[in-house]
Amino acid sequence: MFRRLLGVVCTLVLVAGLTAGGALAAELQKIAVGYVPVADFAPLFIAKDKGFFEKKGLDVTLTKILLASNVPGALVAGSLDIGMGTPPMLLVTNESGLDLQAIAAVSRLEKDNPFISVIARKQDNITDAAQLKDKKVGVPGFNSSMDITFRKWMMDRHIPYGDGPGKVHLVEAIFPQMHDLLDGGQLDAALVIEPFRTLIIKDGTGNNVRDYFSDLTPDAVAAIWMAKADWIKAHPDIVAGFRPAVQEGIDELHANPDELRPRKIKCLGL
């Protein structure tokens, strides 16, 4: 969807002199949108800072959610109107009766452009999957795409996970803390996405064991936007405005990657 996204860690703050060329402030519909602080959501910030949402009549509040598995609860509670999710998360929550629906895709994972890895503490010298037995591996939310695909990846290699000796022990950990948890030894490895992956490898805290997601599929939807089914039905105009505004953010990123990259202005809450 936007292959150069990984090079963008930070995004534009409100540009001086920018005006929303569409609806007046009094006409804007307020919505809360939840994201996790990873590179996939750079277009969301661009759409906000460039006024693309305002042109569609939307006053968007961006809410950082550190653990993706907390998004469905926030949607049900009404603290979020639209939130990020993953296809497995959508299936699991609907089996539980939450009745969430996808309204748009966020990003794709492609084999020739990997940005998800198993990263291990460098001093542990872990270089393959078998060495993860009896190790503690941080996952960014149970039932997330990264969690479920990692479990499938281990099953394909006949590596057990769960509690007990000889198994890989999975624990939830948020992306911004993974570096320190690895560095301090609370985690032996973690499932890491950009930009955290590059930061952990670059300073020598961890090494890339495997781009495991790419071993399973050459092309997959990584993240989606979702909302409650009854909210979608009640606000078709908001959904109709949200989609093209985010697409404008993606298009802007594609059109001006060199302009946006050096303007380190407002990171995704990192």
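Values in this document were obtained by computation on a predicted structure and should not be read as measured data.

### Regarding the sheet that holds strand E10 (residues 206-210)
Reading across the sheet, the five strands line up as E8-E7-E9-E6-E10 and stay open at both edges, with mixed pairing between neighbours. Edge positions in the open sheet fall to strand E8 (169-172) and E10, since each of these has one partner strand only. Strand after strand, the sheet turns through a mean of 35° between neighbouring axes, direction not considered. Across four bridges, the pairing between strand E7 (residues 136-139) and E8 is parallel. Pairing of Gly138 across the sheet is with Val171, part of E8. Here helix H5 (residues 145-156) sits on the sheet and contacts strand E6 (116-121), E7, E8, strand E9 (189-193) and E10; the angle it forms with E9, its principal contact strand, is near 125°. Across the sheet, helix H6 (residues 175-184) is in contact with E6, E7 and E9; its angle to E9 comes to roughly 150°.

### So, the pairing of E7
Since E7 and E8 lie parallel, the crossover through H5 that links them has a hand, and here it is right-handed. Pairing geometry for E7 and E9, over two bridges, is parallel. Paired with Gly138 across the bridge in E9 is Ala190.

Calculation rules
- Residues numbered from 1 in each chain as written.
- Predicted model: local features only at pLDDT ≥ 70, side-chain atom pairs only at ≥ 80, totals over all residues.
- Heavy atoms only, no water.
- Pairing = 2+ DSSP bridges.
- Helix = DSSP H or I, 4+ residues; strand = E, 2+ residues; numbered from the N terminus.
- Axes fitted to C-alpha atoms, helices over the stretch in contact; angles between N-to-C directions.
- Contact = heavy atoms within 4.5 Å.
- Right-handed = clockwise from strand over helix to strand, strands pointing away.

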